[in-house]
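# Commentary on secondary and tertiary structure
For reference, the chains in residue letters:
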Amino acid sequence: EVVALLAALRKWRDRAMIEAMVLGGLRRAEVLGLRLEDLRLGERRVFVADGKGGHQRLVPMSARFFASVDFVFVVLKGPNRGRPLSPTGLEEIMRAVRARAGLEHATCLELGHTCLTRQFARPAWRWRLCRPLPADFSGPPRRESAGQVG
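Since this is a predicted model, take the numbers as computed values, not measurements.

### Some points on the overall build of the protein chain
When its secondary structure is counted, the protein chain shows 7 helices and 3 strands. Overall, the protein chain shows an N-to-C arrangement of helices and strands of α-α-α-β-β-β-α-α-α-α. Here the protein chain holds 150 residues, and the buried ones make up 39% of them.

Here it is in structure tokens:
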């Protein structure tokens, strides 16, 4: 189903968002909150500034994700062009992609679960995924507004 979903994508922006969920287990709000400064290409990690419960974390990410992304996730056309993509906008993209792929499933939540299922099957990844950030890690400064385009 993931292969069919990826094959149905038409834009690199959409591919990068789906890969962030499938390959990194990011939640919908975390994907929409990513900014360029959160991408750590050299480390092959993504910094999640405002995760579930307001927690920050570093997420190991496949090189394939970094090959797809080189911009923030913004609206590409219409009156909101250039503004951050909303949860509703991402859901519209997901509905259209599922229809083109002929899938009934493949929600943002299911894509994140797919990532974790794949990663927990590999023992070396269990330690990396479950390891909390060091106590002294402060990360980049928190953004004032999740709606800022970075």
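### Focus: the pairing of strand β2 (residues 45–48)
Bridging between strand β1 (residues 39–40) and β2 involves 2 bridges; their strand directions are antiparallel. Paired with Arg40 across the two strands is Arg45, which belongs to β2. Between the end of β1 and the start of β2, which pair antiparallel, lie 4 residues, with Arg44 showing a positive phi angle near 55 degrees. Direction of pairing for β2 relative to strand β3 (residues 57–60): antiparallel, over a ladder of 4 bridges. Paired with Phe47 across the strands is Leu58, a residue of β3.

### Topic: the environment of Ala101
For Ala101, the location among the structural elements is in helix α5 (residues 87–101). Residues Ala101 and Leu9, spaced 92 residues apart in sequence, show a C-alpha to C-alpha distance of 8.7 Å. Discounting chain neighbours no more than four positions away, the residues touching Ala101 are Ala4, Leu5 and Ala8.

### Digging into the pattern of salt bridges
For the structure shown, the criterion picks out 6 salt bridges. Linking Glu19 and Arg64 is a salt bridge whose minimum nitrogen-to-oxygen distance equals 3.3 Å. Note that Glu19 is positioned in helix α2 (residues 12–24) and Arg64 in helix α4 (residues 63–68), a separation of 45 residues in sequence. Where Arg27 meets Glu30, a salt bridge forms, and the shortest distance between an N and an O atom there is 3.0 Å. Through salt bridges with shared partners, one network takes in Arg15, Glu19 and Arg64.

### Describing α2
The end-to-end C-alpha distance of α2 is 17 Å, a good match for the 18 Å that 13 residues give at a rise of 1.5 Å each. Burial analysis of α2 places 11 of its 13 residues in the buried class, the great majority of the element. Those residues of α2 lying buried are Arg13, Asp14, Ala16, Met17, Ile18, Glu19, Ala20, Met21, Val22, Leu23 and Gly24. Once α2 ends, the next one or two residues include Gly25, with phi positive near 70 degrees.

### Points about the environment of Arg15
Within the element layout of this structure, Arg15 appears in helix α2. Expressed as a C-alpha distance, the spacing of Arg15 and Ser68, which sit 53 residues apart in the sequence, is 6.7 Å.

### Here we look at the sheet that holds β2
With respect to topology, 3 strands assemble into an open sheet ordered β1-β2-β3, the strand pairing being antiparallel. The open sheet has two edge strands with one neighbour each: β1 and β3.

### Considerations on the confidence of the model for the protein chain
Looking at the protein chain as a whole, the pLDDT averages 77, with 74% of positions reaching at least 70. The secondary structure element of the protein chain with the lowest average pLDDT is helix α7 (residues 123–130), at 50, and the one with the highest is β2, at 91.

### Observations regarding the nonpolar core
Counting 34 residues, the largest nonpolar core has Ile18, Leu26 and Phe65 as the members making the most contacts within it. Within the residue set of this core, elements represented by two or more residues are α1 (2–7), α2, α3 (28–32), β2, α4, α5 and α6 (108–120). A per-element tally of this core places α2 first, with 7 residues. Every residue in contact with Ile18, bar those within four places of it in the chain, is listed here: Leu5, Leu6, Leu9, Met94 and Leu111.

The rules behind the values
- Just so you know, the residues in each chain are numbered from 1, in the order the chain's sequence is written.
- Given that the model is predicted, a residue must reach a pLDDT of at least 70 before its local features are reported, and side-chain atom pairs must reach 80 or more before they are shown or counted; all residues, however, enter totals for whole chains, interfaces and linings.
- To obtain the side-chain values, all non-hydrogen atoms of the structure were used and water was disregarded.
- A run of DSSP states H or I qualifies as a helix once it reaches four residues; a run of E qualifies as a strand once it reaches two. Both are numbered from the N-terminal end.
- Exposure categories follow from relative accessible area, calculated using a 1.4 Å probe and restricted to protein chains: below 20% of the type maximum is buried, above 50% is exposed, and the middle band is partly exposed.
- Pairing between strands is defined by DSSP: at least two bridges between the two strands are required.
- Contact criterion: two residues are considered in contact whenever any of their non-hydrogen atoms come within 4.5 Å of each other.
- In what follows, salt bridge is the name for a side-chain nitrogen of Lys or Arg lying within 4 Å of a carboxyl oxygen of Asp or Glu.
- Here the expected span of a helix is defined as 1.5 Å times the quantity of residues minus one.
- pLDDT expresses, on a scale from 0 to 100, how confident the predictor is about each individual residue.
- For our purposes a nonpolar core is just a set of buried Ala, Val, Leu, Ile, Met, Phe, Trp, Tyr and Cys residues, chained together by side-chain atoms within 4.5 Å.

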